[in-house]
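# Chain and residue survey
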Amino acid sequence: QQPVQSPQAVILREGEDAVINCSSSKALYSVHWYRQKHGEAPVFLMILLKGGEQKGHDKISASFNEKKQQSSLYLTASQLSYSGTYFCGTEKRVGDKVIFGPGTSLSVIP
Amino acid sequence: SAVISQKPSRDICQRGTSLTIQCQVDSQVTMMFWYRQQPGQSLTLIATANQGSEATYESGFVIDKFPISRPNLTFSTLTVSNMSPEDSSIYLCSVEGEALGGGSPGELFFGEGSRLTVL
């Protein structure tokens, strides 16, 4: 079952913050986050495992609330290079296939 | 990180024809995954290709329509058969980063994709 992402699209000015949410109706083992720039392959950002993890690198971080079956991706002080479509992917069990959400289009403008 | 090469990068095909997409990985991997990304849509897993066994197809995808070969540990092909305009998509090959020895557990590396347009 495909996870739900919100918002569908967001436009930011450089330096602004954004939050992208991913939720599932099923219990989750892990949540993955990928970014895909137009015309390019998706690129892995991070994976969060159940246990209430929070992760981050640079100004992009994420949290995973397994009880609520939700994950949020936080982009702070956005840069032009953050533009792209962000996909969350969910796994119900270890080694299960990853099911991707519909994506959130993020545009950062000067 | 892995180098995953796909050919062709794009093609325009006529209805009713078939096209084979190639995926070459620069390391030996057990599993290779084929995804479809319809215009403006998400990534949908078509099948998992293991070397030495039949591919495992996801619900909604069948071998007659999407035959897959996996002749060795670095190569796979996906054929889109008897194409219709609804098959116009980007087809992506993917491998697990951990299998390559450099990625994080669970990380997927994707090829650049093959963009097919069916007229």
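Whatever comes next refers back to the structure up there.
Here, residues in each chain are numbered from 1, in the same order as that chain's written sequence. Just so you know, chain letters begin at A and ligand numbers begin at 1, following the order they were written in. For a predicted model such as this one, the threshold for reporting local features is a pLDDT of at least 70, and the threshold for listing and counting side-chain atom pairs is 80 or more; totals across whole chains, interfaces and linings nevertheless cover every residue. Only hydrogens and water are removed before side-chain values are computed, so all heavy atoms of the structure are retained for them.

Residue and element names in this part refer to chain B. Paired strands, in this sense, are two strands between which DSSP finds at least two bridges. Working definition: helices are DSSP H or I runs of at least four residues, strands are E runs of at least two. Numbering for both runs from the N terminus. The strand order across the open sheet built from four strands is S1-S3-S8-S7, with neighbouring strands paired in antiparallel fashion. With one partner strand each, in any of the chains shown, strand S1 (4-7) and strand S7 (68-72) form the two edges of the open sheet. Pairwise comparison of adjacent strand axes, ignoring direction, gives a mean angle of 15 degrees for this sheet. Inspection of the sheet shows S1 paired to strand S3 (residues 19-25) by four bridges, in the antiparallel sense. Bridge assignment links Ser5 to a residue of S3, and that residue is Gln24. Axis angles are defined between N-to-C directions and span 0 to 180 degrees, where every axis is a line fitted to C-alpha atoms and, for a helix, only to the segment in contact.

On to unusual backbone geometry, then. In this model, Ser6 of chain A is joined to Pro7 of chain A through a cis peptide bond whose omega is -5 degrees. Note that Pro7 of chain A resides in the loop between strand S1 (4-6) and strand S2 (9-13). With an omega of -5 degrees, the peptide bond running from Lys7 of chain B to Pro8 of chain B counts as cis. The residue Pro8 of chain B is located in the loop between S1 and strand S2 (10-13) in this model. In this structure, Gln69 of chain A is a non-glycine residue whose phi angle is positive, near 55 degrees. Inspection of the secondary structure puts Gln69 of chain A in the loop between strand S7 (60-65) and strand S8 (70-75). The backbone of Ala77 of chain A sits at a positive phi, close to 45 degrees, despite the residue not being glycine. Of note, Ala77 of chain A is situated in the loop between S8 and strand S9 (84-91).

This next bit is on the pairing of strand S11 (residues 114-118) of chain B. Residues and elements named next belong to chain B. Only one face of S11 is covered, namely the one carrying Ser114, Leu116 and Val118; the face carrying Arg115 and Thr117 has none of its residues buried. Relative to S11, S2 runs parallel, the two sharing four bridges. The residue of S11 that forms the bridge with Cys13 is Val118. The buried label applies to any residue whose accessible area, calculated with a 1.4 Å probe on protein chains only, is under 20% of its type's maximum; exposed applies above 50%, and partly exposed to all values in between.

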